[in-house]
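Below are the chains, spelled out letter by letter.
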2 protein chains.
Amino acid sequence: MSFSPLIQQLVTALRCLPGVGPKSAQRMAFHLLERDRNAALELSSALRLAAEQVSQCQQCRTLSETDLCQLCASSSRDRSSLCVLESPMDVLAIEHTNSFGGVYFVLGGHLSPIDGVGPDDIGIQQLLERINEGEIKEVILATNPTVEGDATAHYIAEQLKRESLKVTRIAHGVPVGGELEYVDGGTLAHALAGRRLL
Amino acid sequence: MSFSPLIQQLVTALRCLPGVGPKSAQRMAFHLLERDRNAALELSSALRLAAEQVSQCQQCRTLSETDLCQLCASSSRDRSSLCVLESPMDVLAIEHTNSFGGVYFVLGGHLSPIDGVGPDDIGIQQLLERINEGEIKEVILATNPTVEGDATAHYIAEQLKRESLKVTRIAHGVPVGGELEYVDGGTLAHALAGRRLL
Ligand SMILES: [Zn+2]
Ligand SMILES: [Zn+2]
């Protein structure tokens, strides 16, 4: 049997969520319609507002609906230390370790010539301009410990060779081949503490 | 750290989905905002449409945005056999067995005096009226095999005592393909009590 069109449409749309298969999507749709229509309407509204209004922080490129994100707008961060990451989720992962008090720059991906992702697509120009302002003394390259993440870190390090700037890479200790957002806080804290000059 | 307000609102709203904890909600929100804004807008629209327009089938009370659901509108179902269920999800479960060709009635719950759920709240009057029309020859009570489901089945059976109507309850027993040692005691007791000659 098939569902009525609007229910089928909802089940299909729920499949766009990561980790949601056909069975979960069905269960979610029926749960909302049978028991929690207000929650469905609230989720609908939250999705629309966020999709339409959340943009990028103009300084660090993380997701934000304001020009400056909370961290960039904060007066209590150390602006001499910049951590470069692949995604906004990685900012959360680092923040949760409570072992970094600097500021961030979010690439929004990694270099991938095969997929046509070059330096312009991950904000390298903006990163270099920011560093050229001179306030930053150390750049911590915390891209994912994958082939592409390593290549991206080395590419950035090449662009930053100058006497006054310390460029580091988070230490091994992060499982090779993994993604930062799934690494536990203790491992991440160790990786940060053990960072080395590139 | 906290998210920007619209992202936080989205993460919170996603928690209304069954099986979605704080970590999954974060991952879902960031996935949609970073990679799939169109999917977010489509899901928003599907949620709103379904929450506003999906109502109940006027005959069987399952979820449907049309007066009659697909099954009630079908000309190929056996209208002499009526299966009574607690929820629309149960209709799907029975349909997937491909072993029932009759029609359904969805209570939308079970009797629960403690929670103030009485016969009027689960459509008993509508069920009796439907049966009084005379077309139905067998009523299969397929409420959940729980204390409340059993009590609801017995209550309905009491209301339906008449010569011309066959009222049955789905069998309780050991799940097919299961192993005895993992079956709970209550189920085993039912399976023993309901034993049949081979
Ligand atoms: Zn920022
Ligand atoms: Zn129906």
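Please read all numbers here as calculations on a predicted model, not as lab measurements.

**Q** With reference to specific residues and values, describe the overall build of chain A.
**A** In terms of regular secondary structure, chain A is built from eight helices and seven strands. For the C-alpha atoms alone, the extent of chain A along its principal axes is close to 70 × 35 × 35 Å. Counting contacts in chain A only where the partners sit at least 6 residues apart, residues at least 24 apart contribute 55% of the total. Approximately 9500 Å² of chain A is accessible, and the part contributed by carbon and sulfur atoms is 49%. Separation between the mean location of the 17 positive side-chain charges and that of the 24 negative ones in chain A comes to 4 Å.

**Q** Which residues make up the coordination of the zinc ion (ligand 1), and what are the values?
**A** All names here are of chain A. Distances from the zinc ion (ligand 1) to its protein donors, C57 (SG), C60 (SG), C69 (SG) and C72 (SG), fall within 2.3 Å. With four donor atoms in place around the zinc ion (ligand 1) and angles of 106 to 119° between them, the coordination shape is tetrahedral. Sequence positions of the donors to the zinc ion (ligand 1) reduce to the motif C-x2-C-x8-C-x2-C. With C57 in the loop between β1 (55-56) and β2 (63-64) and C69 in the loop between β2 and α4 (70-73), this residue pair connects regions lying twelve residues apart in the sequence. Neither C57 nor C69 differs from the other in exposure class; each is buried.

**Q** Describe in detail the coordination of the zinc ion (ligand 2), supporting the description with residues and values.
**A** In an ideal octahedron of six donors the angles at the metal are 90 or 180 degrees, and in an ideal tetrahedron of four donors they are 109.5 degrees. Residue and element names in this part refer to chain B. Coordination sphere of the zinc ion (ligand 2), protein contribution only: C57 (SG), C60 (SG), C69 (SG) and C72 (SG), at 2.3 Å. One chain supplies every donor to the zinc ion (ligand 2), and in sequence these donors are spaced C-x2-C-x8-C-x2-C. When its relative accessible area of 2% is taken as the criterion, C57 is described as buried.

**Q** Which residues make up the interface of chain B and chain A, and what are the values?
**A** Each partner contributes to the interface: chain B provides 50 residues, whereas chain A provides 52 residues. Both faces considered, chain B and chain A share a buried interface measuring about 5000 Å² in area, 74% of it formed by carbon and sulfur atoms. Our count for the chain B to chain A interface comes out at zero salt bridges. On the surface where chain B and chain A come into contact, there are nine residue pairs in polar contact (both at pLDDT 80 or more). At the level of secondary structure, the elements contributing two or more residues to the side of chain B that touches chain A comprise α1 (5-14), α2 (22-35), α3 (37-53), β2 (63-64), α4 (70-73) and α5 (88-97) of chain B. If you tally residues by element for the side of chain B that touches chain A, the top one is α3(B), at 15 residues.

Reading the values: the criteria
Residues numbered from 1 in each chain as written. Chains lettered and ligands numbered in written order. Predicted model: local features only at pLDDT ≥ 70, side-chain atom pairs only at ≥ 80, totals over all residues. Heavy atoms only, no water. Helix = DSSP H or I, 4+ residues; strand = E, 2+ residues; numbered from the N terminus. Contact = heavy atoms within 4.5 Å. Areas by Shrake-Rupley, 256 points an atom, 1.4 Å probe, with all protein chains shown as cover. Lys, Arg positive; Asp, Glu negative; His and termini not counted. Charge placed at Lys NZ, Arg CZ, Asp CG, Glu CD. Donors = N, O, S within 2.8 Å, 3.2 Å for Na, K, Ca; no water. Tetrahedral: all angles 85-135°; square planar, octahedral: opposite > 155°, others 65-115°. Buried < 20%, exposed > 50% of the residue type's maximum accessible area, 1.4 Å probe, protein only. Buried area = accessible area lost by both parts, 1.4 Å probe. Salt bridge = Lys/Arg side-chain N within 4 Å of Asp/Glu carboxyl O. Polar contact = N/O pair within 3.5 Å; in protein donor to acceptor, adjacent residues only side chain to side chain.

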